Amino acid sequence: MIKRNMEPRVTAMPTQPAEVRCGNFEEVALGYTLEMAVREAQRCLNCKHKPCVAACPVGIDIPGFIEKVAQGDIQGAYHVLSQSTALPAVCGRVCPQENQCEGVCVRGIKGDSVGIGRLERFVADWHREHGTRDVMEKPALNGRRVAVVGAGPSGLTCAGDLARKGYSVTVYEALHMAGGVLVYGIPEFRLPKAIVKQEIDGLIALGVNIQTDVVVGRTLSVDDLFEMGYEAVFIGSGAGLPRFMGIPGESLKGVYSANEYLTRINLMKAYDQTSRTPIQRSHSVAVVGGGNVAMDAARCAKRLGAERVYIVYRRGMEQLPARHEEVEHAQEEGIVFRTLASPLEVMGDENGWVTGMRCQQMTLGEPDASGRRSPVVMEGSEFYLAVDTVIIAIGTSPNPLIRQTTAGLETDRHGCIVTNGIDGLTSRPQVYAGGDVVTGAATVILAMGAGKQAAEAIDRELSAKDKA
Amino acid sequence: MFEILEKQALNQTVTRICVHAPLVARKAEPGQFVILRAKENSERIPLTIAEYDREQGNITLIFQVMGAGTLEIDSLGVGEHLQDLVGPLGKATETEGRKKVCVVGGGVGCAIALPIAKKLHEQGAVVHSVIGFRNQALVILEDAFRAISDELRVMTDDGSHGEKGLVTTALETLINAGNQYDEVITIGPLIMMKFVCLVTKKYGIKTVVSMNPIMIDGTGMCGGCRLTVGGEIKFACVDGPDFDGHQVDFDEALRRGEMYREFEQHERETACKLFDREVR
């Protein structure tokens, strides 16, 4: 019989103190100890309805793994997790749990929800450090080949699930390293790259073949892949092209897209003294946008030594789309939030370097089509931020390379690949798609969910061939 | 890993390497480029494809040793391997249907101009070529251009080889001699392309420029390579690298190109010092 812990508050997770972590790129959150994890796991009521499972895009048996933690059986908990997710150490760190599993937790009605993300992270980390490396036995190959485009969250999930079912899977990645947004976008202090590498190594051990330096849409086309003998293709090429605001001054020196800024820092390790990749050493930075990417960019700028970092966001604090934890961490680190503010112009000096940004104050008006209250300009409310760097984190639009080179692949007016909405099947037979290339910029876990569904559909379709 | 099969110094700062990269060679077209990294921790460097051999699976790259990244590529010899090479990237130069074209190349840009001139020549177009260099010691690919050009002008700033003067002078002479070009294609330093465009604008001749801005991924993801073309933001890696030269905001491109100059100088000095130490 498990002892229940009726403490209304979630067990706090130790973190590096804000004043210390601002000077390094090491992970902010330090994770639970075994004792903390067991105590937190005992807060789960193991309720009948399991609303958390339904709210998880990959359907993890959440009460199941938490029950194991409460019993102190961490290896067993890992086993439960690995039934549903290939990347538990990643998800535990970057999922927006408050909108998913934790958002519907029964304990959240009178107090804090169970710290599901923290527990997931604990189990994955514990397993990495102490777990028996029960290298999953390579499944017997079924003789069928599937190609996956993009080694990001959706592609890796799809590849892992198919490999477990016996498919020979090759993942084609455009960059020189696998991981997608997990390596070029999300910073080291939020998701250590060693963890990503280990999860990818797990997939390679499972038999997944990862080919870097191949751009599908240029080096190979989708049609080439079928000619090469792949029987199905999953496209998870990601969101791609950064959006700009269309205001004057966006091409001044010192204006970055968040993608460029983060790629220089994360993939190319520009924060490391030995890196050959340059990055501007800023004094004062304005990051435009309110999502996780904006928080990541702002916190990177702080760590690179900027004295003053602003988040400039059109709506209010309550509407920030970033994870709560990221906003809290950013505030602790001294990031200044200029919400209800919209940029008008980036100003520069005679040599073309950024000197500041002119903005105007907004107020929230009536809800728009998306149900969100849309910001309205307050007349005469202009203000000026003296900054030497502006980072634009207002989203991305899908990469055009695949749609331009794949006949018969239907895309919508935004350029996103159109699927049947159920399992990722596109307008082309045997071609599936998922993740940001379908939804536009979204989350790691939604992309993983899409990869998982597509893997099931591909398996259904290809194994039906055998029976036919 | 991509093996270097041949290596040759074309002049004191320009190197030509032939690399085994079958997937790239299979698809490459004139005007396209690759991104490569010499070693595990090297910078990603975009270089335009100078030649390709689909049967052998090889591509040729010609580059000027300018920063730490190109110095690292240049430090590798025949039989050694480049860590990464990805491509072909960007759109191919449009050559279809052109009847008479003037190709204007400057410095190492001539290496990019050559395959385009060659393709035009093979398609039966009349090709006039103007190639310019600072001095005789820096002249490259003269014979290769002569072989495929109906008319060739070689220009040097100091008159030590060919004619003395700028490429724009030769281009204007050719235009004034009554040559009617469908198009001028120009590849070289930004400042040269800017002035070529000013000349051709005067005569109303359509002009294509090949832009080579700062770039990281080369697939549209970073937006670092953005340019203003006709008042709109364009990405050189997916929308280019070729653009209508009369629409490109060259002054902005020139400024953006200087973004990391200080850092690069420092890196190059550090790399040179390390290199010196190894040699001694």
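As a convention, each chain's residues are numbered from 1 in the sequence order in which they are written. By the order in which they are written, chains take letters starting at A while ligands take numbers starting at 1. Owing to the predicted nature of the model, reporting of local features is limited to residues with pLDDT of at least 70; listing and counting of side-chain atom pairs is limited to 80 or more, with chain, interface and lining totals taken over all residues. Only hydrogens and water are set aside; all other atoms, that is, all heavy atoms of the structure, feed into the side-chain values.

K.L.:
For this particular structure, what's the right way to read the nonpolar core?
P.N.:
One broad rule of soluble globular proteins: the nonpolar side chains tend to lie buried together. Judged by nonpolar contacts, the single largest core of 75 residues is most densely connected at A:Ile62, A:Phe65, A:Ile66, A:Val69, A:Leu119, A:Val123 and A:Ile458. Of the residues forming this core, the biggest block, eight residues, is contributed by helix H17 (residues 444-467) of chain A. The definition of a nonpolar core used throughout is a set of buried Ala, Val, Leu, Ile, Met, Phe, Trp, Tyr and Cys residues joined through side-chain atoms within 4.5 Å. Accessibility here uses a 1.4 Å probe with only protein chains present; expressed as a share of the type maximum, an area under 20% marks a residue as buried, one over 50% as exposed, and anything in between as partly exposed. Within the second largest apolar cluster, 56 residues are counted, among which are A:Leu241, A:Phe244, B:Val130 and B:Ile205. Numbering of helices and strands starts at the N terminus; helices are DSSP runs of H or I of at least 4 residues and strands are runs of E of at least 2.

K.L.:
What should I look at first to understand the pattern of salt bridges in this one?
P.N.:
Between side chains of opposite charge, pairing is possible as soon as their charged atoms come close. Salt bridges are defined by distance alone: a side-chain nitrogen of Lys or Arg within 4 Å of a carboxyl oxygen of Asp or Glu. The final tally for this structure, using the stated rule, is 47 salt bridges over all chains. Here A:Glu332 and A:Arg21 are joined by a salt bridge, their closest N and O atoms 2.8 Å apart. Highlighted residues: A:Glu332 in helix H14 (residues 324-332) and A:Arg21 in helix H1 (residues 18-21), separated in sequence by 311 residues. The partly exposed category is assigned to A:Glu332, whose relative accessible area is 44%. Residue A:Arg21 is classed as buried on the basis of its relative accessible area, which comes to 0%. A salt bridge links B:Arg146 to B:Glu142; its shortest N-O distance comes to 3.2 Å. Of the two residues, B:Arg146 and B:Glu142 both sit in helix H4 (residues 142-148), four residues apart, roughly one turn of that helix. Classification of B:Glu142 as buried rests on a relative accessible area of 17%.

K.L.:
Honestly, the packing of aromatic side chains in this entry has me stumped. Any pointers?
P.N.:
The geometry of an aromatic ring pair is captured by two quantities: the separation of the ring centres and the angle between the planes. All names here are of chain A. By convention, a stacked pair of Phe, Tyr or Trp rings (six-membered ring in the case of Trp) has centres within 6.5 Å and planes under 30 degrees apart, an edge-to-face pair has planes over 60 apart, and any other such pair is tilted. Following the criterion strictly, the structure yields five aromatic pairs over all chains and no others. Measuring from ring centre to ring centre gives 6.2 Å for Tyr172 and Tyr230, while their planes differ by 90 degrees; the resulting arrangement is edge-to-face. Remark: Tyr230 occurs in the loop between helix H11 (222-227) and strand S4 (232-235) and Tyr172 occurs in strand S2 (residues 168-172); sequence separation between them is 58 residues. Classification of Tyr172 by relative accessible area gives buried; the value is 6%. Take Tyr230: its relative accessible area is 4%, and that puts it in the buried class. Their ring planes at 70 degrees and their centres at 5.2 Å tell us that Tyr256 and Tyr261 sit as a pair that is edge-to-face. Among the aromatic residues, those joined into a cluster by ring pairs are Phe25, Phe189 and Tyr271. Across the ring face of Tyr230, the terminal group of Arg145 is positioned such that the distance to the ring centre comes to 4.3 Å. By the criterion adopted, a ring carries a charge over it if an Arg CZ or a Lys NZ lies within 6 Å of its centre and within 35 degrees of its normal. The ring of Phe383 has Arg338 sitting right over it, with the charged end atom 4.2 Å from the ring centre.

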